[in-house]
Amino acid sequence: MGEVHTYNPRKVTCALGRHIVSGFADDSMITVEFAGDGTSYVSGADGEIVRSIDPTEIYTLKMSLQQTSRTNEYLQNMYDRDRNDGGGTFSVNVNDILGREKFVGGMAWVTKPASWVRGKTQNNREWELVVANGQFR
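Residues numbered from 1 in each chain as written. Predicted model: local features only at pLDDT ≥ 70, side-chain atom pairs only at ≥ 80, totals over all residues. Heavy atoms only, no water.

S.K.: Would you mind going over the nonpolar core with me for this structure?
M.R.: Most often, soluble globular proteins have nonpolar side chains that are buried together. Formed by 24 residues in total, the largest nonpolar core has its most connected members in Leu 16, Leu 61, Met 63, Leu 75, Phe 90, Val 92 and Leu 129. For this core, the elements supplying multiple residues, two or more each, are β1 (12-16), β6 (59-66), α1 (70-85), β7 (90-96), β8 (101-112) and β9 (124-132). The residues touching Val 92, leaving out its near neighbours within four places in the chain, are Ala 15, Leu 16, Leu 61, Phe 103, Val 104, Gly 105, Ala 108 and Val 131. (Core = buried A, V, L, I, M, F, W, Y, C linked by side-chain atoms within 4.5 Å. Buried < 20%, exposed > 50% of the residue type's maximum accessible area, 1.4 Å probe, protein only. Helix = DSSP H or I, 4+ residues; strand = E, 2+ residues; numbered from the N terminus. Contact = heavy atoms within 4.5 Å.)

S.K.: Can you walk me through unusual backbone geometry in this structure?
M.R.: Glycine aside, negative phi is the norm for most residues, and most peptide bonds take the trans geometry. Of note in this structure, Arg 100 is not a glycine but carries a positive phi near 60°. Along the polypeptide, Arg 100 turns up in the loop between β7 and β8.

S.K.: How do you make sense of α1 when you look at a structure like this?
M.R.: Because the α-helix completes a turn every 3.6 residues, residues three or four places apart line up on one side. For α1, built from 16 residues, the straight-helix expectation of 22 Å at 1.5 Å per residue is met to within 8% by its first-to-last C-alpha distance of 23 Å. Every buried residue belonging to α1 is among Thr 71, Asn 72, Tyr 74, Leu 75, Met 78 and Tyr 79, and all of these are buried. Down the axis of α1, the smallest arc covering the buried residues is 165°, so these residues share one side. Set apart from the buried face of α1 by more than 90 degrees, the exposed residues are Arg 70, Glu 73, Asn 84 and Asp 85. At its buried positions, α1 is contacted by β1, β2 (19-20), β6, β7, β8 and β9. (Expected span 1.5 Å × (residues − 1). Arc of directions from axis to C-beta.)

S.K.: How should I be thinking about a negative patch on the surface in this particular structure?
M.R.: Taken together, the side chains of Asp 26, Asp 27, Glu 33, Glu 126 and Glu 128 present a region of like negative charge at the surface. Examined against the element boundaries, Glu 126 turns out to sit in strand β9. (Patch = residues over 30% accessible without salt bridge, like charges linked within 9 Å, V, L, I, M, F, W, Y side chains within 5 Å. Areas by Shrake-Rupley, 256 points an atom, 1.4 Å probe, with all protein chains shown as cover. Salt bridge = Lys/Arg side-chain N within 4 Å of Asp/Glu carboxyl O. Lys, Arg positive; Asp, Glu negative; His and termini not counted. Charge placed at Lys NZ, Arg CZ, Asp CG, Glu CD.)

S.K.: Just checking my understanding: could you explain the pairing of β1 for this structure?
M.R.: Walk down a regular strand and you will see the side chains alternate between the two sheet faces. Summarising burial for β1: four of the five residues are buried, a large majority. Two elements, β1 and β7, share five bridges in a ladder whose sense is antiparallel. Bridging across to β7, Leu 16 finds its partner in Val 92. Sheet analysis places β1 next to β2, joined by two bridges and oriented antiparallel. The partner of Ala 15 across the bridge, within β2, is Ile 20. With antiparallel pairing between neighbouring strands as the criterion, β1 and β2 make up a hairpin whose turn holds two residues, including Gly 17 at a positive phi of roughly 65°. (Pairing = 2+ DSSP bridges.)

S.K.: What should I look at first to understand the side chain of Gln 67 in this one?
M.R.: Here Gln 67 lies in the loop between β6 and α1. In this structure the side chain of Gln 67 is engaged in a polar contact, spanning 2.9 Å, whose partner is the backbone nitrogen of Asn 123. Those residues in contact with Gln 67 that sit more than four places away from it in its chain are Asn 72, Val 117, Arg 118, Gln 122, Asn 123 and Arg 125. (Polar contact = N/O pair within 3.5 Å; in protein donor to acceptor, adjacent residues only side chain to side chain.)

Set out below in structure tokens:
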């Protein structure tokens, strides 16, 4: 008989500096993508191939939040602070407790404010962060 595994979004935690993220949207709440080129190659005229490995450890983290989430205010404040004096950086710690997966980064920042939308019902706000020296553990 096959194994049974459990996923629970309530067991996924995210800390931005000392701020604990809350008010996630009901769809893809956190997406982490490698921002570098990974491994590329060049093929010469005689067919010889040279591989290049990108040493970058930069990731893009997208976070989808409900419009009433307190984290929207935190991220906007950090963006404003960064533009004002360069002090809007923070660490990132995303932990899937049941899946035993973790993503961490010592320095992150908001690339630009999330879109601001209002309508008949609540709208989600998607924030994009850059995470330097990110690692999956």
